[in-house]
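Observations on chain architecture
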Amino acid sequence: DTGVSQDPRHKITKRGQNVTFRCDPISEHNRLYWYRQTLGQGPEFLTYFQNEAQLEKSRLLSDRFSAERPKGSFSTLEIQRTEQGDSAMYLCASSFVDRGSYEQYFGPGTRLTVT
Amino acid sequence: AQSVAQPEDQVNVAEGNPLTVKCTYSVSGNPYLFWYVQYPNRGLQFLLKYITGDNLVKGSYGFEAEFNKSQTSFHLKKPSALVSDSALYFCAVETGTASKLTFGTGTRLQVTL
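Here is a short report on the structure shown in this document. This one's a predicted model, so the numbers in the text were calculated from it and none came from an experiment.

Here we come to the overall build of chain A. For chain A, the count of helices and strands is zero helices and 11 strands. In terms of overall size, chain A behaves like a compact globule, its C-alpha atoms giving a radius of gyration of 13 Å where 115 residues would be expected to give roughly 13 Å. Taken along the three principal axes of its C-alpha coordinates, chain A extends 40 × 25 × 25 Å. Every one of the 115 residues in chain A was classed for burial, and the buried ones make up 50%.

For the bond running from D7 of chain A to P8 of chain A, omega is -5°, close enough to zero to count as cis. A positive phi is found at T72 of chain B, a non-glycine position, where the angle reads about 45°. With respect to the helices, strands and loops of the structure, T72 of chain B is situated in the loop between β8 (64-68) and β9 (73-78).

The next subject is the pairing of strand β4 (residues 31-37) of chain A. Residues and elements named next belong to chain A. β4 sits mainly inside the fold: seven of its seven residues count as buried. The alternating pattern of β4 places R31, Y33, Y35 and Q37 on one face and L32, W34 and R36 on the opposite face, and all of these are buried. Pairing between β4 and strand β5 (residues 44-50): six bridges, direction antiparallel. Within the sheet, the bridge partner assigned to Y33 lies in β5 and is Y48. In sequence, β4 turns back onto β5 through a hairpin of six residues, with G40 there showing a positive phi of about 80°. The sheet contact formed by β4 and strand β9 (residues 88-95) spans seven bridges and is antiparallel. The residue bridging R31 from the neighbouring strand is S95, located in β9.

Moving on: the nonpolar core. Core analysis: the largest hydrophobic core is formed by 28 residues, its most contacted members being W35, L47, L48, F74, L76 and Y89 of chain B. Within the residue set of this core, elements represented by two or more residues are β2 (10-14), β3 (19-21), β5 (32-38), β6 (44-50), β8, β9, β10 (87-94) and β12 (107-112) of chain B. Ranked by residue count, the leading element in this core is β10 of chain B, at four residues. Counting 22 residues, the second largest nonpolar core, distinct from the first, contains L91 of chain A together with Y36, L88 and L101 of chain B.

Further remarks concern the state of the cysteines. Residues and elements named next belong to chain A. Taken as a whole, this structure holds two disulfides over all chains when the rule is applied. The side chain of C23 participates in a disulfide bridge whose partner is C92; the two sulfur atoms lie 1.8 Å from each other. Looking down the S-S bond of the C23 and C92 bridge, the torsion is -70°, so its handedness is left-handed. Of this pair, C23 sits in strand β3 (residues 19-24) while C92 is found in strand β9, placing the two residues 69 residues apart along the sequence.

Here the focus is the packing of aromatic side chains. Tallying each qualifying case throughout the model produces 18 aromatic pairs over all chains. Here F106 of chain A and F103 of chain B contribute two aromatic rings whose centre-to-centre distance is 6.1 Å and whose plane-to-plane angle is 75°, an arrangement assigned as edge-to-face. Separated into two different chains, F106 of chain A in strand β10 (residues 105-106) and F103 of chain B in strand β11 (residues 102-103) make up a pair that spans both. Ring geometry for Y36 of chain B versus F46 of chain B: centroids 5.9 Å apart, planes at 65°, classification edge-to-face. Within this pair, whereas Y36 of chain B is found in strand β5, its partner F46 of chain B is found in strand β6, the two being separated by 10 residues in sequence. By the burial criterion, Y36 of chain B is buried, and F46 of chain B matches it. One aromatic cluster in this structure is built from Y33, Y35, F45, Y48, Y105 and F106 of chain A together with F34, Y36, F46, F90 and F103 of chain B. When the ring centre of F74 of chain A is taken as origin, the NZ or CZ atom of R22 of chain A, which lies over that ring, is 3.9 Å away.

Basis of the calculations
Residues numbered from 1 in each chain as written. Chains lettered and ligands numbered in written order. Predicted model: local features only at pLDDT ≥ 70, side-chain atom pairs only at ≥ 80, totals over all residues. Heavy atoms only, no water. Helix = DSSP H or I, 4+ residues; strand = E, 2+ residues; numbered from the N terminus. Rg over C-alpha atoms; globule rule 2.2 N^0.38 Å. Buried < 20%, exposed > 50% of the residue type's maximum accessible area, 1.4 Å probe, protein only. Pairing = 2+ DSSP bridges. Core = buried A, V, L, I, M, F, W, Y, C linked by side-chain atoms within 4.5 Å. Disulfide = S-S within 2.5 Å. Phe/Tyr/Trp six-rings, centres within 6.5 Å; stacked < 30°, edge-to-face > 60°. Lys NZ or Arg CZ within 6 Å of the ring centre and 35° of its normal.

Don't take any of this as a statement about function, it's just geometry.
As structure tokens, this is what we get:
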């Protein structure tokens, strides 16, 4: 399978704990995006990378959130001191911008439940 | 700021009938428009896009969409609906910088026999 993969698929944590999610993009893709989706809503942009450089962060990405993409390959999204409002589906996507194709390909998501 | 509106929470259609899922957008500059479909417990799947050129674009699974600049719309269409088309459909826009997508709230399509 050469699609975008995310791990874990589900995470249940207690309020106040830290969690980390991983995303592996399609191998030749140079851009990687994180989105958050809550029930009944469309995905909301969080941040994106061009190779290893983080180019934009949404205001939704509070100081408790941090994302990295070391070596321009996989990416991690960490949430510190989780709150119940962090419960959502976290989606990762990738694209190869230089081809001018623009469409983003999404992974299956990580569903976070904060109790 | 860019935005997308999907005015219908749900669209119901009988199998074999044509379907339309509506989308309007607001963006500064030329819009890059996309449709995605989401099945239960699965990620978003890309259906089709409009970047430039012909206003009618064709995509996966027999879907097509018509770009209308004067009405700022990008409605998704299919001539003959299938029960297997039942899913959640999202319209999205970006400005051609390959940066963030802005999504609508989604429209649930229900196709019945």
